[in-house]
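Survey of secondary and tertiary structure
Listed below, chain by chain, are the residues.
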Amino acid sequence: MQTELSYKIENFEGPLDLLLQLIAKNKVNIIEVNLSELIDQYLEQIEYFKQEEMDISSEFITMASRLIYIKTASLLPKHEEAQKLADELKGELIEYQICRQIALELSKMTVGFDRFAKEPEEYEFDKTYELNHEPQVLVDAYISAVGRGKRRLPPSTAPFTKIVARKIYAVSSKIVFVMRNLLSGGKKKLSSLYGGAKSRSELVATFLAVLELCKANRVKLTGDSPDKAEIQLIKGHKK
Amino acid sequence: MNREQKISALFSVLFACGEPISIERLCEVFDEKPEGVETIVNGLKKRLEEQQLGVMLLTLENTYQLATDENYAEYIKKALDLRRRTPLSPAAFEVLSVVAYNQPVTKSFVEQVRGVDCSGVMTTLIEKGLIEERGRLELPGRPLLYGTTKNFLRTFGISDLSELPKLPNEDHTVNDVGEQLSIEGTEKLGEEE
Amino acid sequence: MNREQKISALFSVLFACGEPISIERLCEVFDEKPEGVETIVNGLKKRLEEQQLGVMLLTLENTYQLATDENYAEYIKKALDLRRRTPLSPAAFEVLSVVAYNQPVTKSFVEQVRGVDCSGVMTTLIEKGLIEERGRLELPGRPLLYGTTKNFLRTFGISDLSELPKLPNEDHTVNDVGEQLSIEGTEKLGEEE
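All values derive from a computational prediction rather than experimental measurement. (Residues numbered from 1 in each chain as written. Chains lettered and ligands numbered in written order. Predicted model: local features only at pLDDT ≥ 70, side-chain atom pairs only at ≥ 80, totals over all residues. Heavy atoms only, no water.)

For chain B, the helix and strand inventory stands at nine helices and six strands. Going through the 193 residues of chain B one by one, you find that 50% of them count as buried. Of all intrachain contacts in chain B linking residues separated by at least 6 positions in sequence, the fraction that spans at least 24 positions is 51%. Element-wise, carbon and sulfur atoms account for 49% of the exposed surface of chain B, whose accessible area totals about 9000 Å². (Helix = DSSP H or I, 4+ residues; strand = E, 2+ residues; numbered from the N terminus. Buried < 20%, exposed > 50% of the residue type's maximum accessible area, 1.4 Å probe, protein only. Contact = heavy atoms within 4.5 Å. Areas by Shrake-Rupley, 256 points an atom, 1.4 Å probe, with all protein chains shown as cover.)

Attention now goes to the overall build of chain A. Within chain A, the secondary structure is distributed over seven helices and three strands. Seen in sequence order, chain A has helices and strands lined up from the N terminus as α-α-α-α-α-α-β-α-β-β. Taking all 239 residues of chain A together, 40% fall into the buried category. Looking at chain A alone, contacts between residues at least 24 apart form 55% of all its contacts between residues at least 6 apart.

Moving on, we come to the sheet that holds strand β3 (residues 63-68) of chain C. Residues and elements named next belong to chain C. The antiparallel open sheet is built from three strands, whose spatial order is β1-β3-β2. With one partner strand each, in any of the chains shown, β1 (21-22) and β2 (55-60) form the two edges of the open sheet. Taken strand by strand, helix α3 (residues 34-51) contacts β2 and β3, and its axis lies near 145° from that of β2. (Pairing = 2+ DSSP bridges. Axes fitted to C-alpha atoms, helices over the stretch in contact; angles between N-to-C directions.)

On to the sheet that holds strand β1 (residues 188-189) of chain A, then. All names here are of chain A. If you walk across this open sheet you meet the three strands as β1-β3-β2, and the pairing is antiparallel. Edge strands, defined here as strands with exactly one partner in the open sheet, are β1 and β2 (219-222). For β1 and strand β3 (residues 230-233), the ladder comprises two bridges, and the chain directions are antiparallel. From the neighbouring strand, K189 faces β3, where its bridge partner is E230.

Residue and element names in this part refer to chain B. Here chain B averages 83 in pLDDT, and 85% of its residues register 70 or above. Looking over chain B, one finds the lowest element-wise mean pLDDT in helix α9 (residues 172-192), namely 36, and the highest in strand β6 (residues 144-148), namely 94. pLDDT under 50 marks residues 171-193. Its contacts with residues more than four places away, or in other chains, come to 23 contacts. Model confidence for the complex: the whole-complex pTM is 0.70, and ipTM, which rates the interface, is 0.70. (pLDDT = per-residue confidence, 0-100.)

What follows covers the side chain of S12 of chain C. Topologically, S12 of chain C is positioned in helix α1 (residues 3-17). Sequence-distant contacts of S12 of chain C, that is, excluding residues within four places in its chain, are made with L53, G54, T68, Y72 and I76 of chain B.

It is worth spelling out the interface of chain B and chain C at this point. Of the residues lining the interface, 37 residues belong to chain B; the matching set on chain C comes to 38 residues. Summing both partners gives a buried area of about 3500 Å² for chain B against chain C, and 66% of it is carried by carbon and sulfur. Of all residues in chain B, F15, L53 and Y75 of chain B bury the most surface against chain C, accounting for 19% of the area lost on that side. Inspection of the region where chain B meets chain C yields two salt bridges. Here E133 of chain B makes a salt bridge to R114 of chain C, at a shortest N to O gap of 2.6 Å. Where chain B packs against chain C, one counts 15 residue pairs in polar contact (both at pLDDT 80 or more). When contributions to the side of chain B that touches chain C are tallied by element, the ones reaching two or more residues are α1 (3-17), α2 (23-30), α3 (34-51), β3 (63-68), α4 (73-80), β5 (131-136) and β6 of chain B. Here the residues of the side of chain B that touches chain C are counted per class, giving 22 nonpolar, seven polar and eight charged. (Buried area = accessible area lost by both parts, 1.4 Å probe. Salt bridge = Lys/Arg side-chain N within 4 Å of Asp/Glu carboxyl O. Polar contact = N/O pair within 3.5 Å; in protein donor to acceptor, adjacent residues only side chain to side chain. Nonpolar A, V, L, I, M, F, W, Y, C, P; charged D, E, K, R; others polar.)

With six of eight residues buried, α2 of chain B lies mostly within the body of the structure. Inspection of α2 of chain B places I23, R25, L26, C27, V29 and F30 of chain B among the buried residues, and these make up the whole buried set. Lining the buried residues of α2 of chain B we find α1, β1 (21-22), α3 and β3 of chain B together with α4 (73-83) of chain C.

Our next topic: the nonpolar core. Ranked by internal contacts, the top residues of the largest apolar core, which has 66 residues, are Y42 and F49 of chain A together with L88, L96, L125 and F156 of chain B. It is helix α4 (residues 80-108) of chain A that provides the largest number of residues to this core, a total of 10 residues. Core analysis: the next-biggest nonpolar cluster, separate from the first, contains 62 residues, L14 and F15 of chain B together with V41 and L44 of chain C among them. (Core = buried A, V, L, I, M, F, W, Y, C linked by side-chain atoms within 4.5 Å.)

The subject of this paragraph is the packing of aromatic side chains. Tallied over the full model, the rule gives 12 aromatic pairs over all chains. Relative to F49 of chain A, the ring of Y48 of chain A has its centre 6.2 Å away and its plane inclined at 50°; by these criteria the two rings are tilted. According to the relative accessible area criterion, Y48 of chain A is buried, its value standing at 16%. Judged by its relative accessible area of 0%, F49 of chain A falls in the buried class. Taken together, the ring pairs connect F11 and F15 of chain B together with F11 and F15 of chain C into an aromatic cluster. Against the face of F15 of chain B rests K118 of chain A, its NZ or CZ located 4.3 Å from the ring centre. (Phe/Tyr/Trp six-rings, centres within 6.5 Å; stacked < 30°, edge-to-face > 60°. Lys NZ or Arg CZ within 6 Å of the ring centre and 35° of its normal.)

Further remarks concern the pairing of β2 of chain C. Residues and elements named next belong to chain C. Judged from the six bridges that link them, β2 and β3 form a sheet pairing that is antiparallel. The residue of β3 that forms the bridge with L60 is T63. Between β2 and β3, which pair antiparallel and follow one another directly, the connecting turn spans two residues, one of which, E61, has a positive phi of 50°.

Structure representation (structure tokens):
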């Protein structure tokens, strides 16, 4: 099947959008679409994006590998699994198509965009909260926010690394890490602090933590070359 | 206070508050039963229609709000310097439609339907007051749930979610498939988390 | 647009803007000379007087603004006052509890815990006098720290933070000790202020 490869990646809301547009191009509906051909067209399209050195987001690649997997599975003598995967994909496409249709209808219902409300009057009103609640409400809310069993915070940094500006967070945790390492007193080789680092950003964070602690006069660095540098906690630091 | 005065009082209250006011709050303010408030509300609606003042009374679920007539939008935009206000993106309309028809709904559900990350769009929609948090889903990870706001209703010119456009292809075959799908979808969502 | 429509348009513009608008601005908006705008303004004044809607048009120097009639001030106050008797949202309770049990704490910390942007909720809680600023954390960026207020104690009927209910799972697993250690570290840093 001949497909014209003239799209730009920015024209698509995501891999599902690209698939829907390929289906539309073939002038068939989702139920009847020949999945094998569709997969080929999708992969061809991704290949084209790559050749044109366009920025392809990971979602497109993930979908590509999923499609390849479906195709591979369908080559097996028993391909119930391939059928299941194909149905799943078709289902997602139908669902997304409905979403697109509704979105289109919503985008036509714009009368309210031209109806303006008014800001509340600026009375000199005290906004101070006046109600009373049982303190237990806070415990429930806390459990809701944090989850049970995570009584103390900060929780492990792992789940949040994607959300939080990594550098700042990691530095604060590395300050704790460095302090903990030095609590026993005595000098330690600076390089020993880097031992457990798993990534460059972790190394950088540890280094920044050491600098922060130096600046705050909590640790002392000695030694005349980087590989001989030693770090020590400053005792009797005033609080 | 006679009926006409009550209508004027209601107008000035809605005017001063700006945001949607619930019927319960109006009952307290005017020391009236809900039916009493509704009578006043209907009186005001009628008066605003007759007097053509350029504002109208909107019903948004169980709340009321004054808003300007769309016919004068051009002047208001000019006065507020809103001409360069960006309309919603196609992505925003898609996210809104998933949230509106499936609420309360998690971000990962929206992302599953659209097949792409939606964090940025969701944040924008929260900032624009079109969607809001609605508690959490009782699943491991306790993901946040989202729903549409009163402002969403006003923006799309409806007074209730039931006035949203019907889902397309509501005939037996596709609907069957659709239902099965959404069940599959939900299960997957659960497993993932 | 005829004269009556212009009057309605003026009302909707003044309504949507809220603040006083200068005559120059109105000249631009309606593409009129000052005399033309004045005619419309006078028309609106007259209409508002006749219609007795509880709102009037004020002239302040060379600006115009809508304001509510003092006759209905009592109701407006009641309505606006009731607004602060709306209970906190679930999101607000969550933010409040995270601040209460971990203070002093940064906004980004609260956001890490909840997994979403909390700016709006934090602002509301400050306005309601439930949380307040508590200096800055000595870390790159010097983020603001927040803690609870006296009004917070009153709201929950306690006289001291130590009276906050204990959080569940106060066990002494190894993991827990580690977490406590890191808390100590953070606290020390905070105290340096």
